[in-house]
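Per-entry structural report
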Amino acid sequence: MSILFPARVCFALGDVVKNIKESVAASAESEKSWKAQTMVTEKGKSMPAPLFVILLPAYKEDMGTLEDTLRVLASHGQARESYHVYLAMEQKEEKSEAKAQTLIETFRKSFFRMSYTIHPQGIPGEAQGKSSNESWAAKQACRDYADADMKHNVIITTMDADTHLSPRYFQLIAHMHVESPETRDTTMYVPPLVFDRNLHHVPLPVRTADLMWAGAGISSLYTGSLVCIPTSVYSLPMTLLEQVGGWDTGPGAIGEDLHMYIKCFFALSGNLDVKVVYAAASQCNVSSDMKGIAGYIDGIYARYKQALRHMWGSLDTGFAIRECAKMFRRHWSATPTRSDLPLSAPKYVCDHVKVVRRQLLMNRSSNWTAFYTSTGLHKSLVPKLTVTDTEAVPPKPIHVWNMCTLFLRLFEAHFLPIHLSVILTTSSLFMFLTPSFLVPEVLHLAIDFAGWCRLGGWLLMLCYFWRYEQYHRLCVGLRQEEMRKAGLLDDMIAHDGFSLTTIHVAGAWEACLFPLGGFIFGAIPALQAVLSHVFTDRLTYVVSLKPQLAMKSWRSMTPSSSPMRAKFNKQALSRLDHAASSFRMSQPVKRK
């Protein structure tokens, strides 16, 4: 595993880079001919197809962070035609409703629709977190789009409050949705991640840990992979969401992205179709507002708390096992159907003839009609079972290969960090404390072989960091071009909104020390989470610290982030927007 996983990460990253370049080239051609499609609902309303319902969960998020995210979404050319943004707020946050109303007042003209939901606190059985908040908002979205035909063309996207999505993300999903009608109701859409906004401002261990975190997510996104696990950002059709019962709200769903994937995966017996969207989702690294040594330490502590929350998701391994057992029970209890029986044959018979029926089916009798009439069953009052008395036959058989692959991915995510750390520590101590002549030859060879494997894995990870640098520069270049087209590039550059490279100051030295970040933010929180699960499955949800770097100048054009906001002057904002637009049209764009 110490070699196979890094090798797969390197391969997957190279494949993602190649496909992003091809996707950009193809999008440039198709964008000219692509036209938004519409459909008419049962009530005669014209709606975009597909319609993107974007859930933006927010709990104690800085007002500026939400404004930045919404402004990037509003810059998309299709936003006013097909984006319905739901601000998923928490009742537990003071004045969250006022915050949502202010944001809607500011941005409502930029989108097809904007709404907000307030997730109540204290619901029995629920745990505070992103999953329960999304569940509440998704229920409202399903009520808003109750038309059966419309649901097949509604795609729900969930993201973090600080995520910046490319317009190509939604364009590519729209293409795939329209071009694959046979699988669109069972498809999940997953993008790769890139930390490209404040990477140059965080401590070295945090930087390397997030680079490895991004690589772990990308490792399953290579061409031909049938198990592609989402990380933070993903989209799925409303029909699939309703089929699986929405997001879970219990304490076991704290890792909502993987949890939701597992839920959809086993609901479809491993036949979930996942399409990779080759438009990277821009993310921020966890950071601290403090300066100097105190800020360095506080940043590491903030990243550790985030890592503990990530590793708390190891509960999903148990959830996957339970869902797997339910899937097998569902298949075993499903009523067998026969293609060679006439339509007049009864589907169920009373208990005392079930044995006869089973034997008849085993003998593949073709004279069912004669048996049916000779026994008098056509005249008897055979009790009929309702739909709830038996489960429907699953549409597809269990995909065993996908199931095995998923459990391998779960092992890599939840147990491999501890596994490698324990092996490395114990083998090193054993060889250091034990005289060589007391070590059996076979054991000595095994330890030497493991050491060479670890060296190979370390070299492959250095190769990964080199390839990630290429991926990072590609993503930053594409996002800069998108911001230039939207007229937002100058402001983002002026406020240090891009991390142009992943290697800083220490150069190769920091890349060589990546095991330190893996140990601090991988093995230790994983071990803490697993041991804590012996006593509790609940973790207090704490919002990760995020930077306030980019687009601060725009906030002077929007209401203050104070809870007691003044009423917004629409005419003044209109004049400012018009002046800014005229300035961008008359001045050349400054680029670095």
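The present account deals with the structure reproduced in this document. Quick caveat: nothing in here was measured; it's all calculated off a predicted structure.

Turning our eyes to something else, we now look at the overall build of the protein. Check the secondary structure of the protein and you find 21 helices and 11 strands. The buried share of the protein, taken over its 592 residues, is 51%. Excluding contacts between residues fewer than 6 apart, the proportion of contacts in the protein whose partners are at least 24 apart in sequence is 83%. On the protein, roughly 29,000 Å² of surface is accessible, and the fraction owed to carbon and sulfur atoms is 61%.

In this section: the pairing of strand β7 (residues 187-190). Burial of the side chains of β7 extends over both faces: Thr-187 and Tyr-189 are buried on one face and Met-188 and Val-190 on the other. As judged from the four bridges shared by β7 and strand β10 (residues 273-276), these two strands associate in the parallel manner. Within β10, the position partnered with Val-190 by the bridge is Val-276.

Taken across its eight residues, strand β3 (residues 51-58) has eight buried, putting it largely inside the fold. Neither face of β3 is left uncovered, since the one carrying Leu-51, Val-53, Leu-55 and Pro-57 and the one carrying Phe-52, Ile-54, Leu-56 and Ala-58 both have all their residues buried. By the bridge criterion, five bridges tie β3 to strand β6 (residues 154-158) in an arrangement that is parallel. From the neighbouring strand, Leu-51 faces β6, where its bridge partner is Val-154.

Right, let's get into the packing of aromatic side chains. One pass over the structure, following the stated rule, counts 13 aromatic pairs. Between Phe-52 and Tyr-83 the ring centres are 6.2 Å apart and the planes differ by 85°, which places this aromatic pair in the edge-to-face class. Pair noted here: Phe-52 is in strand β3 and Tyr-83 is in strand β4 (residues 83-90), with a separation of 31 residues, a long-range link. Across this residue pair, the class does not change: Phe-52 and Tyr-83 are buried. Summarising the aromatic geometry, the rings of Phe-265 and Phe-266 are spaced 5.0 Å apart at their centres and angled 80° between planes, so their arrangement reads as edge-to-face. Under the relative-accessibility criterion, Phe-266 is labelled buried at 1%. Among the aromatic side chains, those forming a connected cluster through ring pairs are Phe-52, Tyr-83, Tyr-169 and Phe-170. Seen from the ring of Phe-521, Arg-303 lies directly overhead, with NZ or CZ sitting 5.5 Å from the centre.

On to helix α5 (residues 130-144). Here α5 contains 15 residues, and its C-alpha end-to-end distance of 21 Å stays within 8% of the 21 Å for a straight helix at 1.5 Å per residue. When α5 is considered as a whole, its buried residues turn out to be Lys-130, Ser-131, Ser-132, Asn-133, Glu-134, Ser-135, Ala-137, Ala-138, Ala-141 and Cys-142.

Taken together, Leu-408, Phe-411, Phe-415 and Val-530 make up a surface patch of nonpolar side chains, about 280 Å² in accessible area. Tracing the chain through its elements places Leu-408 in helix α15 (residues 400-414). Under the relative-accessibility criterion, Leu-408 is labelled partly exposed at 36%.

Time to look at the side chain of Ser-421. Mapping Ser-421 onto the fold places it in helix α16 (residues 416-433). Beyond its immediate stretch of four places on either side in the chain, Ser-421 contacts Phe-519 and Ala-523.

Enumeration over the complete set of coordinates arrives at 16 salt bridges. Lys-275 is the salt-bridge partner of Asp-273, the closest N and O atoms lying 3.6 Å from each other. As a salt-bridge pair, Arg-484 and Glu-481 come within 2.5 Å of each other at their nearest N and O atoms. Linking Arg-484 with Glu-481, this pair stays in helix α17 (residues 441-486), spanning three residues, or about one helical turn. On the accessibility criterion, Arg-484 (28% relative accessible area) is partly exposed. Residue Glu-481 is classed as partly exposed on the basis of its relative accessible area, which comes to 24%. Three or more residues joined by partner-sharing salt bridges are found here, namely Lys-130, Glu-134, Asp-160 and Glu-256.

Calculation criteria
Residue numbers here run from 1 along each chain, matching the order of that chain's written sequence. Residue-level local features of this predicted model are given only where pLDDT is at least 70; pairs of side-chain atoms are given and counted only at 80 or more, and the full residue set underlies all totals for whole chains, interfaces and linings. With hydrogens and water excluded, all non-hydrogen atoms of the structure serve as input to the side-chain values. Helix numbers and strand numbers start at the N terminus; a helix is a DSSP run of H or I with at least 4 residues, a strand a run of E with at least 2. Relative accessibility thresholds used throughout: buried, under 20% of the residue-type maximum; exposed, over 50%; partly exposed, between the two (1.4 Å probe, protein chains only). Residues count as neighbours in contact if any of their non-hydrogen atoms are within 4.5 Å of one another. Computed with a 1.4 Å probe, the accessible areas rest on the Shrake-Rupley method; for each residue, only the protein chains presented here act as cover. Pairing between two strands requires that DSSP report at least two bridges joining them. The criterion for an aromatic pair is that two Phe, Tyr or Trp rings (for Trp, the six-membered ring) have centres within 6.5 Å, with stacked assigned to planes under 30 degrees apart, edge-to-face to planes over 60 apart and tilted to the rest. Here, a charge over a ring is recorded when the distance from Lys NZ or Arg CZ to the ring centre is within 6 Å and its angle to the ring normal is within 35 degrees. What a helix should span is 1.5 Å times the count of its residues minus one. For patches, a residue must show more than 30% relative accessible area and have no salt bridge; joins then use 9 Å for like charges and 5 Å for nonpolar side chains, namely Val, Leu, Ile, Met, Phe, Trp and Tyr. When a carboxyl oxygen of Asp or Glu is within 4 Å of a side-chain nitrogen of Lys or Arg, the pair counts as a salt bridge.

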